[in-house]
Amino acid sequence: MIESIDIPSLQGYVSIKEAADILGVSDKRVYQYVRAGRIPALRVGNILILPEDEVRQFKPSPSGRVRAKAPSWRAYRSRGALFVTDIRVPVKVDQQTKLIEKLKAVQKRNSHTFPGTVARYVVKGDEGLTFVQIVLVWKSTEMPVEARREQELDLFKEELADVLDWQAAQYNFNEVLIHT
């Protein structure tokens, strides 16, 4: 008797879900790429499998209108200024996966939005994710007082205390000179 084969785990091939995870898109988007002929797929019974190499080499088209030229540098001209809080924080040993999970949860809940910010980034510090860089951009005209900013940051620190070494964090707060 022949044993059944789990087709999605066939070496060299990935399932639609695995392809979506690799590309950082939804399952539906992967199906659209397959229907459009942009990613080859094989049908095995009711299952589509995709060559893993093809998926890893695939570059999704950017969404929206592609810029014809890079944005120009400019100075902030409103009544006030732009400020940046820049924090470099080590990731605790072997907590990289848990950190990513926690950041996805923050994104899904849309929590820790730091009222008054015009941009927020949590940046992978290096390939091994041994540290992250947190960048918060504020308009001076909308930026809360320092005590409120610290309170919001304390809540964020509390949420990530088990994965980030806040004791070793480096903080900078500076005014933006020019920006895009």
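Everything numeric in this text was worked out from a predicted model, so none of it was measured.

Cut-offs and rules
Residues numbered from 1 in each chain as written. Predicted model: local features only at pLDDT ≥ 70, side-chain atom pairs only at ≥ 80, totals over all residues. Heavy atoms only, no water. Phe/Tyr/Trp six-rings, centres within 6.5 Å; stacked < 30°, edge-to-face > 60°. Helix = DSSP H or I, 4+ residues; strand = E, 2+ residues; numbered from the N terminus. Buried < 20%, exposed > 50% of the residue type's maximum accessible area, 1.4 Å probe, protein only. Lys NZ or Arg CZ within 6 Å of the ring centre and 35° of its normal. Pairing = 2+ DSSP bridges. Contact = heavy atoms within 4.5 Å. Expected span 1.5 Å × (residues − 1). Arc of directions from axis to C-beta. Axes fitted to C-alpha atoms, helices over the stretch in contact; angles between N-to-C directions.

Caption draft 1: The arrangement of the packing of aromatic side chains in detail. Counted under the stated rule, the structure contains 4 aromatic pairs. Where Tyr33 meets Phe58, the ring centres are 4.7 Å apart and the plane angle is 55°; that geometry is what we call tilted. Of this pair, Tyr33 sits in helix 2 (residues 27-35) while Phe58 sits in the loop between helix 3 (52-57) and strand 4 (82-90), and the two are 25 residues apart along the sequence. Note on accessibility: Tyr33 and Phe58 belong to one class, buried. Aromatic pair Phe83 and Phe173: ring centres 5.4 Å apart, planes at 5°, arrangement stacked. Within this pair, whereas Phe83 is found in strand 4, its partner Phe173 is found in strand 7 (residues 170-175), the two being separated by 90 residues in sequence. Above the plane of the ring of Phe131 lies Arg88, whose end atom (NZ or CZ) is 3.5 Å from the centre. Over the ring of Trp138 we find Arg149, and its NZ or CZ is 6.0 Å from the ring centre.

Caption draft 2: Inspection of the pairing of strand 5 (residues 117-124) at higher detail. Where strand 5 lies against strand 6 (residues 131-139), 7 bridges are found, and the strand directions are antiparallel. Paired with Val123 across the bridge in strand 6 is Gln133.

Caption draft 3: A look at the pairing of strand 4. Relative to strand 6, strand 4 is paired through 9 bridges, and the arrangement is antiparallel. The partner of Asp86 across the bridge, within strand 6, is Val135. Across 6 bridges, strand 4 lies against strand 7 in antiparallel orientation. Within the sheet, the bridge partner assigned to Arg88 lies in strand 7 and is Gln170.

Caption draft 4: A look at the side chain of His112. Looking at the secondary structure, you find His112 in the loop between helix 4 (96-109) and strand 5. Filtering out sequence-adjacent residues up to four positions away, His112 remains in contact with Val106, Arg120, Leu155, Phe156 and Glu159.

Caption draft 5: Local environment of helix 5 (residues 146-159). Between its terminal C-alpha atoms helix 5 stretches 20 Å, which fits the 20 Å expected from 14 residues at 1.5 Å a residue. Looking only at helix 5, the buried set comprises Arg149, Glu152, Leu153 and Phe156. Summarising the axial view, the buried residues of helix 5 lie within an arc of 95°, below the 170-degree limit, and thus occupy one face. Counted as exposed and oriented over 90 degrees from the buried face of helix 5: Ala147 and Glu158. As for helix 5, its buried residues are in contact with strand 4, strand 5, strand 6 and strand 7.

Caption draft 6: Layout of the sheet that holds strand 4. Pairing within the open sheet is antiparallel, and its 4 strands lie in the order 5-6-4-7. A strand with exactly one partner marks an edge of an open sheet, and here the two such strands are strand 5 and strand 7. Strand-to-strand twist in this sheet, taken as the mean axis angle between neighbours without regard to direction, amounts to 10°. Here helix 5 sits on the sheet and contacts strand 4, strand 5, strand 6 and strand 7; the angle it forms with strand 7, its principal contact strand, is near 145°.

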